[in-house]
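Each chain, written out:
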Amino acid sequence: AAGHLIEQGYQKIGIISGPGEWWEACERELGWREILLQRGRNNLERFRVHGDWTAASGYSAMLELLDRMAAVLRLTIWPSSVLTIYQNLPISRPL
């Protein structure tokens, strides 16, 4: 997914990862990190936010990332969190 976003021209691609003790969260973050480093991206830490896989943490993490970037790689939050945020944003706010 991160590779596809790069091919579409996005420069800032973030991740909301799950708890560090979960194998799935670690593997997803590793894949994100590897593709971005292969494509010459750095400063990855500023585009990474941890959540706990609840809708509330996904909502908070997405708001944090939206303040930092235009493209967000959504891996570990519920779609309803993203939709709720989108509905609450001003029309002029870029996604």
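For the structure, check the block above.
Since the model is a prediction, treat every value here as computed from it, not as a measurement.

*Asks:* Kindly report on the nonpolar core, identifying the contributing residues and their values.
*Replies:* Ranked by size, the top nonpolar core spans ten residues in total: Ala 2, Leu 5, Ile 6, Ile 13, Ile 15, Trp 32, Ile 35, Leu 36, Leu 44 and Phe 47. If you list the elements that add at least two residues to this core, you get helix H1 (2-7), strand S1 (13-17) and helix H2 (23-38). Listed in part, the six residues of the second largest apolar core include Ile 16, Val 49, Ala 61 and Leu 65.

*Asks:* Give a description of the packing of aromatic side chains that names residues and reports values.
*Replies:* All told, the structure shown has one aromatic pair when counted by the stated rule. When the ring of Trp 22 is compared with that of Trp 53, the centres are 4.3 Å apart and the planes differ by 65°; the resulting orientation is edge-to-face. Of this pair, Trp 22 sits in the loop between S1 and H2 while Trp 53 sits in the loop between strand S2 (48-50) and helix H3 (55-66), and the two are 31 residues apart along the sequence. Overall, the relative accessible area of 22% leaves Trp 53 in the partly exposed class.

*Asks:* Could you give an account of H2, naming the residues involved and the relevant values?
*Replies:* Taking 1.5 Å per residue as the helical rise, H2 with its 16 residues ought to reach 22 Å, and the 22 Å between its terminal C-alpha atoms agrees with that figure. Within the sequence span of H2, burial applies to Ala 25, Glu 29, Trp 32, Ile 35 and Leu 36. The buried residues of H2 occupy an angular sector of 135° when the element is viewed end-on, so they sit on one face. Within H2, the exposed residues directed more than 90 degrees away from the buried face are Trp 23 and Gln 38.

*Asks:* Which residues make up the pairing of S1, and what are the values?
*Replies:* Of all five residues in S1, five are buried, a share of seventy percent or more. Residues of S1 alternate between two faces, with Ile 13, Ile 15 and Ser 17 on one and Gly 14 and Ile 16 on the opposite face, all of them buried. Strand direction decides the pairing type here: S1 and S2, joined by three bridges, are parallel. Paired with Ser 17 across the two strands is His 50, which belongs to S2. As a crossover connection, the stretch from S1 through H2 into S2 is right-handed.

Conventions we followed
- Residues numbered from 1 in each chain as written.
- Predicted model: local features only at pLDDT ≥ 70, side-chain atom pairs only at ≥ 80, totals over all residues.
- Heavy atoms only, no water.
- Core = buried A, V, L, I, M, F, W, Y, C linked by side-chain atoms within 4.5 Å.
- Buried < 20%, exposed > 50% of the residue type's maximum accessible area, 1.4 Å probe, protein only.
- Helix = DSSP H or I, 4+ residues; strand = E, 2+ residues; numbered from the N terminus.
- Phe/Tyr/Trp six-rings, centres within 6.5 Å; stacked < 30°, edge-to-face > 60°.
- Expected span 1.5 Å × (residues − 1).
- Arc of directions from axis to C-beta.
- Pairing = 2+ DSSP bridges.
- Right-handed = clockwise from strand over helix to strand, strands pointing away.

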